[in-house]
Amino acid sequence: SQTIHQWPATLVQPVGSPLSLECTVEGTSNPNLYWYRQAAGRGLQLLFYSVGIGQISSEVPQNLSASRPQDRQFILSSKKLLLSDSGFYLCAWSATGGDEQFFGPGTRLTVL
Amino acid sequence: GQSLEQPSEVTAVEGAIVQINCTYQTSGFYGLSWYQQHDGGAPTFLSYNALDGLEETGRFSSFLSRSDSYGYLLLQELQMKDSASYFCAVRSHQTGANNLFFGTGTRLTVIP
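Throughout what follows, the structure given in this document is the object of discussion.

1. With respect to the overall build of chain B
Then comes step 1: Tallying secondary structure elements over chain B gives 0 helices and 11 strands in all.
Then comes step 2: Listing the helices and strands of chain B from first to last along the sequence gives β-β-β-β-β-β-β-β-β-β-β.
Then comes step 3: On C-alpha atoms alone, chain B measures out to a radius of gyration of 13 Å, which is about the 13 Å that the 2.2 N^0.38 rule sets for 112 residues.
Then comes step 4: Along the longest, intermediate and shortest principal axes, the C-alpha atoms of chain B span 40 × 30 × 20 Å.
Then comes step 5: Counting all 112 residues of chain B, 47% fall into the buried class.
Then comes step 6: Of all intrachain contacts in chain B linking residues separated by at least 6 positions in sequence, the fraction that spans at least 24 positions is 58%.
Then comes step 7: Carbon and sulfur atoms form 49% of the exposed surface of chain B, whose accessible area is close to 5200 Å².
Then comes step 8: Taken together, the 5 basic and 10 acidic charged side chains of chain B have centroids lying 7 Å from each other.

2. Digging into the environment of A:Leu19
Residues and elements named next belong to chain A.
Then comes step 1: Looking at where Leu-19 falls in the secondary structure, it is placed in strand S3 (residues 19-26).
Then comes step 2: Put simply, Leu-19 and Leu-46 are 27 residues apart on the chain and 18 Å apart in space, counted from C-alpha to C-alpha.
Then comes step 3: Leaving out residues up to four positions away in the same chain, Leu-19 has contacts with Leu-11, Leu-64, Leu-76, Ser-77, Ser-78, Leu-81 and Leu-109.

3. Things to note about the sheet that holds strand S7 (residues 60-65) of chain B
Residues and elements named next belong to chain B.
Then comes step 1: Strand order in the open sheet formed by 5 strands is S1-S3-S8-S7-S6, and the pairing between neighbours is antiparallel. Each edge of the sheet is formed by a strand with only one pairing partner; in this case those strands are strand S1 (3-5) and strand S6 (53-57). Across the sheet, the mean angle from the axis of one strand to that of its neighbour is 15 degrees, orientation sign disregarded.
Then comes step 2: Across 3 bridges, S1 lies against strand S3 (residues 18-25) in antiparallel orientation. Looking at S3, one finds that Leu-4 is bridged to Tyr-24.

4. Some thoughts on the pairing of strand S11 (residues 107-111) of chain A
One face of the sheet, then the other: side chains in a regular strand alternate in exactly this way.
Residue and element names in this part refer to chain A.
Then comes step 1: Of the two faces of S11, the one holding Thr-107, Leu-109 and Val-111 is buried and the one holding Arg-108 and Thr-110 is not buried anywhere.
Then comes step 2: Here strand S2 (residues 10-13) pairs with S11 via 4 bridges, running parallel. Each residue of the ladder has a partner; that of Thr-10, found in S11, is Arg-108.
Then comes step 3: Relative to S11, strand S9 (residues 87-94) runs antiparallel, the two sharing 3 bridges.

5. Brief notes about the sheet that holds S3(A)
All names here are of chain A.
Then comes step 1: Within the open sheet, the 4 strands sit side by side as S1-S3-S8-S7. Their pairing is antiparallel. Edge positions in the open sheet fall to strand S1 (3-7) and strand S7 (64-70), since each of these has one partner strand only. The average angle at which neighbouring strand axes cross in this sheet is 20 degrees, direction not considered.

6. A look at the packing of aromatic side chains
Two aromatic rings are characterised by how far apart their centres lie and by the angle between their planes.
Then comes step 1: For the coordinates displayed, the defined rule picks out 13 aromatic pairs over all chains.
Then comes step 2: Relative to B:Tyr72, the ring of B:Phe63 has its centre 4.9 Å away and its plane inclined at 20 degrees; by these criteria the two rings are stacked.
Then comes step 3: Overall, the relative accessible area of 23% leaves B:Phe63 in the partly exposed class.
Then comes step 4: Through pairs of rings, three or more aromatic residues link up here, namely A:Tyr34, A:Tyr36, A:Phe103, B:Tyr35, B:Phe45 and B:Phe102.
Then comes step 5: The ring of A:Phe88 has A:Arg108 lying over it, and the distance from NZ or CZ to the ring centre is 4.2 Å.

7. Comments concerning the interface of chain B and chain A
One frequently used descriptor of interface size is the decrease in accessible area upon assembly of the parts.
Then comes step 1: Taken together, the contacts link 17 residues of chain B with 23 residues of chain A.
Then comes step 2: Counting each side, the surface lost to burial between chain B and chain A is near 1500 Å², with a carbon and sulfur contribution of 50%.
Then comes step 3: Among the residues chain B hides against chain A, the three largest losses belong to B:Asn98, B:Asn99 and B:Phe102. Together they make up 32% of the total.
Then comes step 4: Across the contact surface, chain B and chain A share 1 salt bridge.

About the thresholds
- Residues numbered from 1 in each chain as written.
- Chains lettered and ligands numbered in written order.
- Predicted model: local features only at pLDDT ≥ 70, side-chain atom pairs only at ≥ 80, totals over all residues.
- Heavy atoms only, no water.
- Helix = DSSP H or I, 4+ residues; strand = E, 2+ residues; numbered from the N terminus.
- Rg over C-alpha atoms; globule rule 2.2 N^0.38 Å.
- Buried < 20%, exposed > 50% of the residue type's maximum accessible area, 1.4 Å probe, protein only.
- Contact = heavy atoms within 4.5 Å.
- Areas by Shrake-Rupley, 256 points an atom, 1.4 Å probe, with all protein chains shown as cover.
- Lys, Arg positive; Asp, Glu negative; His and termini not counted.
- Charge placed at Lys NZ, Arg CZ, Asp CG, Glu CD.
- Pairing = 2+ DSSP bridges.
- Axes fitted to C-alpha atoms, helices over the stretch in contact; angles between N-to-C directions.
- Phe/Tyr/Trp six-rings, centres within 6.5 Å; stacked < 30°, edge-to-face > 60°.
- Lys NZ or Arg CZ within 6 Å of the ring centre and 35° of its normal.
- Buried area = accessible area lost by both parts, 1.4 Å probe.
- Salt bridge = Lys/Arg side-chain N within 4 Å of Asp/Glu carboxyl O.

Here it is, written out as structure tokens:
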């Protein structure tokens, strides 16, 4: 069966510090991968998606970046965090052509 | 651009039926999805409608009218555990075939 992992579960970082969030998927090959951000009490905003290794599409201009160094690994990064980067970050995967996206447990990021 | 509208909050009594509406604006519509998210948790897939009509899965049903750009999620025999946020999400040529654009969510509170 397929599983998706995200870490860390929670993170508190000072403004201006770097960020690295990792997501890995098991039990499937060549998944589509996604990074979303959810502000408190709000909907999900798509940040990045990837259809293959090294292929990253950005949906929203920001100080975040994403990389996909391996087929089932997706990393969200920032060189310098802003207060507005606080939120709940969710990684998800889907099969090519699949109707369903499967979400990881999320990382709750607080930038102080 | 594209948009999704759904009520921000709904309250219903345990055992009752509740309908959560969603209207959308997008170009090149493919289908409408519904996701459930409990507080602090990850979204989980409920349904996907690409064609007009009603799809039933246990206590949950989802309806789509492409001509009206409208859909709804119907929850029957409400249980306390159904208290959660419910998001509609559209897939379209505008979002990209693999991507979803999420609404801001409807918070359902089930009361005894």
